[in-house]
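Coordinate inspection notes
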Amino acid sequence: GFDDSGSMNGVRSDLVECFNDIVVPGLLGGAADQVGAIRVGGIKFGRRVTPLWGGGFQPLTTLPRLTDADYRAMDGNTALNQGALDAVTAASSFALQLKQRTKAFPEVVIVILSDGANNVAPYDAEDVRSVLSKLSIELFTTVFIGFETGESVDFNAIAREMGFREVMQSKRLPGEDEDAQKRRFRNVMKVFSQKLS
């Protein structure tokens, strides 16, 4: 789920770079059998929530790069809580379809990229927490990747209040090179490295 609201405009290129150059390559650096099984879907949320890449889920290996046409960060207000709820709904529905076909429930990773601001109903983060708290820890990983913008919000506190189990800073950590940053994203999303060294 991508925060497409106006408050993200100052970090728009950072978000696109984070997704295209760190998150996706990090996941592609996983073990070959895992990478081939990963399916990705996307939504963006500003005043309302809309699908990305034509909707649905597609193989990670053929996922198009996030572009300026997809992500503009100009859509006024932020429906963060609704975006998170819609991301859970979409991912859970797709996981149930896979379970019906394969007889095994897949591992699901729900990721939100945002500065943490929310000013569109539902306003209460408890709505999200009540849903996330019901997701199996073994099957669902919930990740909030935070961006620092001009909003006077603490994305760490907001993400925790919403019930996200993993909260990460989008920026590179002190002393962290690009490969280490990719490994950090890959590890939190429970994709095993291709090499165990």
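That block above? That's the structure.
First, a word on what this report is: a plain description of the structure on this page. Source: prediction; values computed, not measured.

Observations regarding the overall build of the protein chain
Secondary structure assignment for the protein chain yields six helices and eight strands. Traced from its N-terminal end to its C-terminal end, the protein chain shows the element sequence β-α-α-β-β-β-β-α-β-α-β-α-β-α. Over its C-alpha atoms the protein chain spans a radius of gyration of 16 Å, differing by no more than 12% from the 16 Å that the globule rule assigns to 197 residues. On the principal axes, the C-alpha backbone points of the protein chain span a range of 40 × 40 × 30 Å. Classification of the 197 residues of the protein chain by burial places 49% in the buried group. For the protein chain, restricting intrachain contacts to residue pairs at least 6 apart in sequence, the fraction spanning at least 24 positions comes to 72%. Within the structure as shown, the protein chain displays about 10,000 Å² of accessible surface, and the carbon and sulfur contribution to it stands at 51%.

Some details on the layout of surface pockets
Estimated volume of the largest pocket: approximately 1,100 Å³. For the largest pocket, the lining is made up of 44 residues, of which Ile 38, Arg 39, Val 40, Val 108 and Val 109 are closest to its centre. Taken together, the elements giving at least two residues each to the lining of the largest pocket come down to α1 (12–28), α2 (32–37), β2 (39–40), β4 (49–51), α3 (80–102) and β6 (108–114). Counting residues per element, the lining of the largest pocket draws most heavily on α3, at eight residues.

Notes on the packing of aromatic side chains
Enumeration over the complete set of coordinates arrives at eight aromatic pairs. Each ring, one from Phe 19 and one from Trp 53, has its centre 5.8 Å from the other, and the planes form 25°; the classification is stacked. Here Phe 19 is found in helix α1, whereas its partner Trp 53 is found in the loop between β4 and β5 (58–59), with 34 residues between them in sequence. Residue Trp 53 is classed as buried on the basis of its relative accessible area of 15%. Residues Phe 57 and Phe 94 carry aromatic rings whose centres are separated by 4.3 Å and whose planes lie at 5° to one another, so their mutual orientation is stacked. Of this pair, Phe 57 sits in the loop between β4 and β5 while Phe 94 sits in helix α3; the two residues are 37 residues apart in sequence, bridging distant segments of the chain. The exposure class of Phe 57 is partly exposed, given its relative accessible area of 30%. We classify Phe 94 as buried; its relative accessible area is 16%.

Brief notes about the packing of α1 against helix α6 (residues 178–188)
Two numbers describe how α1 lies on α6: the axes approach to 8 Å, and their chain directions differ by 65°. Between α1 and α6, the angle is such that the two are roughly perpendicular. Viewed along their axes, α1 and α6 form a crossing whose handedness is right-handed. Between α1, through Cys 18, Asp 21, Ile 22, Val 23, Pro 25 and Gly 26, and α6, the contact on the second element is made entirely by Glu 178, Gln 181, Lys 182, Phe 185 and Arg 186. The class makeup of the residues in the contact of α1 with α6 is five nonpolar, two polar and four charged.

Concerning a negative patch on the surface
On the surface, Asp 124, Glu 126, Asp 127 and Glu 161 cluster together to form a negatively charged patch. You can call Asp 124 partly exposed: its relative accessible area is 41%.

Quick notes on the rules
- Residues numbered from 1 in each chain as written.
- Predicted model: local features only at pLDDT ≥ 70, side-chain atom pairs only at ≥ 80, totals over all residues.
- Heavy atoms only, no water.
- Helix = DSSP H or I, 4+ residues; strand = E, 2+ residues; numbered from the N terminus.
- Rg over C-alpha atoms; globule rule 2.2 N^0.38 Å.
- Buried < 20%, exposed > 50% of the residue type's maximum accessible area, 1.4 Å probe, protein only.
- Contact = heavy atoms within 4.5 Å.
- Areas by Shrake-Rupley, 256 points an atom, 1.4 Å probe, with all protein chains shown as cover.
- 1 Å grid on protein atoms, 1.4 Å probe; cavity = no way out; pocket = protein on both sides within 12 Å on 5 of 7 lines; lining within 4 Å.
- Points joined across faces, edges and corners; volume = space filled by probe spheres on them.
- Phe/Tyr/Trp six-rings, centres within 6.5 Å; stacked < 30°, edge-to-face > 60°.
- Axes fitted to C-alpha atoms, helices over the stretch in contact; angles between N-to-C directions.
- Parallel < 35°, antiparallel > 145°, perpendicular 65-115°, else oblique.
- Left-handed = near helix turned anticlockwise from the far one by under 90°.
- Nonpolar A, V, L, I, M, F, W, Y, C, P; charged D, E, K, R; others polar.
- Patch = residues over 30% accessible without salt bridge, like charges linked within 9 Å, V, L, I, M, F, W, Y side chains within 5 Å.
- Salt bridge = Lys/Arg side-chain N within 4 Å of Asp/Glu carboxyl O.
- Lys, Arg positive; Asp, Glu negative; His and termini not counted.
- Charge placed at Lys NZ, Arg CZ, Asp CG, Glu CD.

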